[in-house]
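# Coordinates in review
Single-letter residue listing:
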Amino acid sequence: MKVIVIGSGWVGQKLIDNLLQKEDVEVIVIDNDPMNLNFFVGRERCRTVLGHGTDETVLKLAGIEEAEAFAAVTNNDCINIMASLIARDIYNIKNVVARVYDPELSDIFFNYGLKTICPTTLGASQIKDALLAEF
Amino acid sequence: MYIILIGGGKVGLQLAKALTNEGQEVLIIEDDRTRYQTLQAKLDQVVTVLGDGTSPRLLRQCGIERADVVVAITDKDEVNFIAAHLAKMTYGVKRVISRVNSPANEQIFSFLGLGSVINSTNLIMSVINQELHLSHLIKLLTVQRGQVEIVELEVLPESKVTDKRIRDLDLPNGTMIMSVVREYNFIIPRGDTLLKAGDSILAASKAESVEELRKLFNPVLSPE
């Protein structure tokens, strides 16, 4: 299965590590920072593309036409949402996930049917659970 | 009218000036502190807000729900995209205009249903084309969701339309000549208006007929 991941900061790196543990997964990483991409050079079943995740030329170079899943995890909400909508609505990828920091923005696009994950809400609720846990 | 501008660069600043001169109520959102200070110094009738124009909370604080027009004109396409999307889909703003910096994104914007799109790169390109006379047909404006183009044509001396009357032209289907400019004089064309070399013509055309129109005005190469 081909998976495209845009953004390879902390979350991206961790995500890709997890994905590559599955034997049948091939990952294409898109990032506009060559330093981030260095981390993946030479890894098996992993290809890197330098560029912006909202640029169709870059997405085509990454093989978006054959991709089955798409994750947008850059540190920029707007890029994540726009890239995800391109993947979902123009290239008809069914499995599209976007990381969106702004909880309200995350909810709005979630209601438009985009799978958004909001680290802010998740973090806050986990911290709350940890605080209120009984000893 | 209440108009919200997202992005206070050079375009935003000039637009805000022009709109307030017309007596419109204008608010600008800018996320860069230096630019924000410039705006504050140069605009006195405009409310300037320092912040992120893609934050739903900020947009509501700016009263986006009562805005008549939202214009997203930052130099970042993804910001314009999200801001325009929020304005149109979430807050139901009637007129939403967004600027596209990368021509490749124009199709994406219109495919994803974002009303009026202004492509600054193409705009500059067409002005340069016009100045360089690279082509005798220049697309000026696309209206009706890309179905109709407003174009400017130049009548070249070697063209077969030169010295013909408009009624005798074999105009393609769905095209109309709206005006003729001859030596800075504006002429409302009639059937018997004679086209002269050097004339500049404004025409409206169905998108699919533009190429045919271009061919009609093509220069004819001499037989030898």
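All figures in this text were calculated on a predicted structure; none of them were measured in a lab. (Residues numbered from 1 in each chain as written. Chains lettered and ligands numbered in written order. Predicted model: local features only at pLDDT ≥ 70, side-chain atom pairs only at ≥ 80, totals over all residues. Heavy atoms only, no water.)

### Topic: the layout of surface pockets
All names here are of chain B. The volume enclosed by the largest pocket comes to roughly 1,100 Å³. For the lining of the largest pocket, the secondary-structure elements that each account for two or more residues are β5 (95-100), α5 (105-111), β6 (116-119), α6 (120-132) and β7 (137-143). Counting residues per element, the lining of the largest pocket draws most heavily on β7, which supplies seven residues. Here the residues of the lining of the largest pocket are counted per class, giving twelve nonpolar, 13 polar and eight charged. (1 Å grid on protein atoms, 1.4 Å probe; cavity = no way out; pocket = protein on both sides within 12 Å on 5 of 7 lines; lining within 4 Å. Points joined across faces, edges and corners; volume = space filled by probe spheres on them. Helix = DSSP H or I, 4+ residues; strand = E, 2+ residues; numbered from the N terminus. Nonpolar A, V, L, I, M, F, W, Y, C, P; charged D, E, K, R; others polar.)

### Things to note about the pattern of salt bridges
All names here are of chain B. Enumeration over the complete set of coordinates arrives at twelve salt bridges over all chains. Its salt-bridge partner being D75, residue R35 comes within 3.7 Å of it at the nearest N-O pair. Of this pair, R35 sits in helix α2 (residues 33-42) while D75 sits in the loop between β4 (69-72) and α4 (77-90); the two residues are 40 residues apart in sequence, bridging distant segments of the chain. The class of R35 is partly exposed, set by a relative accessible area of 35%. For the salt bridge of R190 with D192, the shortest nitrogen-to-oxygen distance reads 3.7 Å. Each of E30, R35 and D75 takes part in one network of salt bridges that share partners. (Salt bridge = Lys/Arg side-chain N within 4 Å of Asp/Glu carboxyl O. Buried < 20%, exposed > 50% of the residue type's maximum accessible area, 1.4 Å probe, protein only.)

### Observations regarding the pairing of strand β1 (residues 2-6) of chain B
All names here are of chain B. Counting buried positions along β1 yields five of five residues, so the element is predominantly enclosed. Of the two faces of β1, both are covered, the one formed by Y2, I4 and I6 as well as the one formed by I3 and L5. Pairing of β1 with strand β2 (residues 25-30) involves five bridges; the strand directions are parallel. Along β2, the bridge assignment pairs I4 with L27. Crossover connection from β1 via helix α1 (residues 10-21) to parallel β2: handedness right-handed. (Pairing = 2+ DSSP bridges. Right-handed = clockwise from strand over helix to strand, strands pointing away.)

### What about the nonpolar core?
Nonpolar side chains tend toward joint burial in soluble globular proteins. Judged by nonpolar contacts, the single largest core of 57 residues is most densely connected at I4(A), F70(A), F109(A), I4(B) and I29(B). No other element matches the eight residues that helix α4 (residues 77-90) of chain A contributes to this core. Those residues in contact with F70(A) that sit more than four places away from it in its chain are I4(A), I6(A), L59(A), I64(A), A83(A), S84(A), A87(A), I93(A), N95(A), V96(A) and V97(A). Within the second largest apolar cluster, 16 residues are counted, among which are L137(B), V151(B), L195(B) and I201(B). (Core = buried A, V, L, I, M, F, W, Y, C linked by side-chain atoms within 4.5 Å. Contact = heavy atoms within 4.5 Å.)

### Some remarks on the sheet that holds β5(B)
Consider a sheet: its strands pair through backbone hydrogen bonds, and that pairing is either parallel or antiparallel. Residue and element names in this part refer to chain B. Reading across from one edge, β3-β2-β1-β4-β5-β6 is the order of the six strands in this open sheet, with parallel pairing throughout. Each having just a single partner strand, β3 (47-50) and β6 make up the two edges of the open sheet. Recorded for the sheet is a direction-independent mean angle of 15° between the axes of neighbouring strands. Packed onto the sheet, α2 meets β2 and β3 and runs at close to 165° relative to β3. Docked against the sheet, α4 engages β1, β4 and β5, running at close to 170° with respect to β5. (Axes fitted to C-alpha atoms, helices over the stretch in contact; angles between N-to-C directions.)

### Looking at the packing of aromatic side chains
In the structure shown here, the tally under the stated rule is three aromatic pairs over all chains. For the pair F39(A) and F40(A), a centre-to-centre distance of 5.2 Å together with 85° between the ring planes defines the contact as edge-to-face. Look at F40(A) and you get buried, because its relative accessible area is 0%. Measuring from centroid to centroid gives 5.4 Å for F81(B) and F109(B), while their planes differ by 75°, and the two rings are edge-to-face. With a gap of 28 residues between them, F81(B) in helix α4 and F109(B) in helix α5 connect regions that are remote in the sequence. Assigned by exposure class, F81(B) and F109(B) land together as buried. When the ring centre of Y2(B) is taken as reference, the NZ or CZ atom of R66(B) above it lies at 4.0 Å. (Phe/Tyr/Trp six-rings, centres within 6.5 Å; stacked < 30°, edge-to-face > 60°. Lys NZ or Arg CZ within 6 Å of the ring centre and 35° of its normal.)

### Quick notes on the interface of chain A and chain B
The extent of an interface is frequently quoted as the accessible surface area lost upon association of the parts. Tallying the contact residues gives 17 residues for chain A and 21 residues for chain B. Note on chain A versus chain B: buried area summed over both sides is about 1,600 Å², and carbon and sulfur give 72% of it. Looking only at chain A, the three residues that lose the most surface to chain B are C78(A), M82(A) and E104(A), adding up to 34% of its buried area. Counting across the chain A and chain B interface gives one salt bridge. Residue R60(B) pairs with E104(A) through a salt bridge whose shortest N-O separation is 2.5 Å. Secondary-structure elements contributing two or more residues to the side of chain A that touches chain B are α4 and α5 (103-111) of chain A. For the side of chain A that touches chain B, the leading source of residues is α4(A), giving eight residues. Counted by class, the side of chain A that touches chain B contains eleven nonpolar, two polar and four charged residues. (Buried area = accessible area lost by both parts, 1.4 Å probe.)

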